[in-house]
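Coordinate inspection notes
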Amino acid sequence: MKHVILGAGPAGIIAAETLRKQAPQDSVVVIGDEPEAPYSRMAIPYLLIGKVGEEGTHLRHTTGHFAQLGITLKRGQAAKVDVAGKAVVLADGSRESFDRLLIATGSSPATAPIPGINGPGVHSCWTLADARAIMASAKPGARVLQLGAGFIGCIIMEALATRGVQLTVVEMGDRMVPRMMGPTAGRMIKEWVERKGVKVFTGAKVEAIERPGAAAAAPAAEPGLLGKIANAFGLGSAPAPAPAPAGGAPMRVKLSTGQVLEADLVISATGVRPNIGFLQDSGITCLQGVLTDEHLQTNVPGIYAAGDCAEAFDKVTGRTIVSAIQPNAAEQARVAALNMIGRTTELKGVTQINVLDTLGMISASFGKWDGVDGGAHVEQTDEAAGRHLSLQFDDEKLIGCNAIGWTEHVGVMRGLVEGQVKLGDWRERLLKEPTLLMEAYLACAQAQGEQAHVRA
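Residues numbered from 1 in each chain as written. Predicted model: local features only at pLDDT ≥ 70, side-chain atom pairs only at ≥ 80, totals over all residues. Heavy atoms only, no water.

Further remarks concern the overall build of the protein chain. A count of helical and extended segments in the protein chain gives 11 helices and 26 strands. Expected size for 456 residues packed as a compact globule is a radius of gyration near 23 Å; at 23 Å, the protein chain falls within 12% of this value. Burial statistics for the protein chain: of 456 residues in total, 48% are counted as buried. Within the protein chain, contacts between residues at least 6 apart in sequence are counted, and of these 65% link residues at least 24 apart. Only carbon and sulfur atoms are counted for the fraction: they give 51% of the accessible area of the protein chain, which is about 20900 Å². Taking the average location of the 43 positive side-chain charges in the protein chain and that of its 46 negative ones, the two points are 3 Å from each other. (Helix = DSSP H or I, 4+ residues; strand = E, 2+ residues; numbered from the N terminus. Rg over C-alpha atoms; globule rule 2.2 N^0.38 Å. Buried < 20%, exposed > 50% of the residue type's maximum accessible area, 1.4 Å probe, protein only. Contact = heavy atoms within 4.5 Å. Areas by Shrake-Rupley, 256 points an atom, 1.4 Å probe, with all protein chains shown as cover. Lys, Arg positive; Asp, Glu negative; His and termini not counted. Charge placed at Lys NZ, Arg CZ, Asp CG, Glu CD.)

In structure tokens, the structure reads:
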């Protein structure tokens, strides 16, 4: 049997290695679209900091690792999936046939439609090519402006701050990390970052990026109908990394607040979107990502998806989500690979999990951190100690939480949320004293586990 994997990131590589281990006689082909050895994007901040070299970002370090396993690595970009013909059509017109296909194409930066954003001196921080360009410009003392203070943005921000630059962050939300933290937690992170010397503007947008000395930059041309359709489906290709502004003249960045900031380098970190545009008209169902069932199979038998491009069931919220974090990608890849060789395996579900180190402040967000209608909620904050805890309940289950400074409780929070543990009387006790999470877990999770063992 021939297995083709689109994507050479963590999901694609883990799936390939699982297939090779479990089905040693099968053919495994991995197609990636970058001229690099397979690497982890999550390691790029460590490259920027200087903790690792480029080889430190590589997923596997043994010379000839994939050849020794009999895994074929091929460079190419998928342009289309021919479902009826069981083949992938690549951008160069060639075809790669398959018996089983795994779509693990990941995601790409979502660039905001800002005049000047595609010009010189502006970069995303997503690929090794991006990292090389950023390291060339982000020298000590350089004025760096970053768009976006979400989860990925905060990781990039920390890496930039360690390089000794003068850093300014602009976030359109009313707080930092608005998609994983509530108002109190987001404000505490902002205040902490500002004390560390980073300027932060929340509730603000970048309206234009100008380059003095260059021809007056006209607003970005409005795309035509075909362009709009391409952008809506993620078909547009990301711009190549641009060089720094010629002559060293700083850019002028206009904010919606009326302020104008000077910058030598601008980093766009305004979010990502799944790479699924090539699946348009393929017959493979896509919503936000590639829709999958509990086996990571799509609506087309024999075609699976995993990682940042896959939309899988979240047992906490009861809906399908794209959970773009590496632990979920790894488990989805393993489950998909086993099902591709006929070993029926179910994904136990995905949960929104984020643990973030922001210049030394540890924060965590699990599950439905913003709660549900009619659900109980408790919050406790000790700003002097840099601690905050917010718990969200649905009936007798903990369904989500925010935490700052409670590093010893991270595992317990995840266990209670993911395990959908019924708390019984412990819910009322936690509403009165939310810091009793460990005691609640030991009392309820163990009892639930013993009951499940007896039933089995």
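Next comes the rest of the account.
Before going further, it helps to spend a moment on the pattern of salt bridges. Close approach of charged atoms allows side chains with opposite charge to pair. Taken as a whole and judged by the stated rule, the model has 19 salt bridges. A salt bridge links Arg132 to Glu54; its shortest N-O distance comes to 2.7 Å. Here the residue Arg132 occupies a position in helix 4 (residues 128–137), and Glu54 occupies one in the loop between helix 2 (44–49) and helix 3 (65–69), the gap between them amounting to 78 residues. With relative accessibility at 33%, the residue Arg132 sits in the partly exposed group. The partner of Lys74 in a salt bridge is Glu96, and the shortest N-O contact between them spans 2.6 Å. Within this pair, whereas Lys74 is found in strand 3 (residues 71–75), its partner Glu96 is found in strand 6 (residues 95–97), the two being separated by 22 residues in sequence. Since its relative accessible area comes to 28%, Lys74 is described here as partly exposed. Since its relative accessible area comes to 10%, Glu96 is described here as buried. A network of salt bridges, in which partner residues are shared, links Lys2, Lys74 and Glu96. (Salt bridge = Lys/Arg side-chain N within 4 Å of Asp/Glu carboxyl O.)

So, on to the sheet that holds strand 5 (residues 87–90). Taking strand neighbours across the sheet as the criterion, the 3 strands line up as 4-5-6 in an open arrangement whose pairing is antiparallel. One side of each edge strand has no neighbouring strand; the edge strands of this open sheet are strand 4 (78–82) and strand 6. Each neighbouring strand pair of the sheet contributes to a mean axis angle of 20°, computed without reference to strand direction. Direction of pairing for strand 5 relative to strand 6: antiparallel, over a ladder of 3 bridges. For Ala87, the partnering residue across the bridge sits in strand 6 and is Ser97. (Pairing = 2+ DSSP bridges. Axes fitted to C-alpha atoms, helices over the stretch in contact; angles between N-to-C directions.)

Moving on, we get to the packing of aromatic side chains. On inspection of all chains with the given rule, the structure shows 0 aromatic pairs. Above the plane of the ring of Trp406 lies Arg387, whose end atom (NZ or CZ) is 4.0 Å from the centre. Between Arg429 and the ring centre of Trp426, over which it is positioned, the NZ or CZ distance is 3.8 Å. (Phe/Tyr/Trp six-rings, centres within 6.5 Å; stacked < 30°, edge-to-face > 60°. Lys NZ or Arg CZ within 6 Å of the ring centre and 35° of its normal.)

With that settled, the discussion passes to the side chain of His388. Mapped onto the fold, His388 is located in strand 25 (residues 387–394). The exposure class assigned to His388 is buried, which follows from its relative accessible area of 2%. Dropping the residues within four chain positions of it, His388 is found in contact with Thr184, Ala185, Met188, Glu379, Gln380, Thr381, Asn402, Ala403, Ile404 and Trp406.

Remember, this is a structural readout, not a statement about activity or role.
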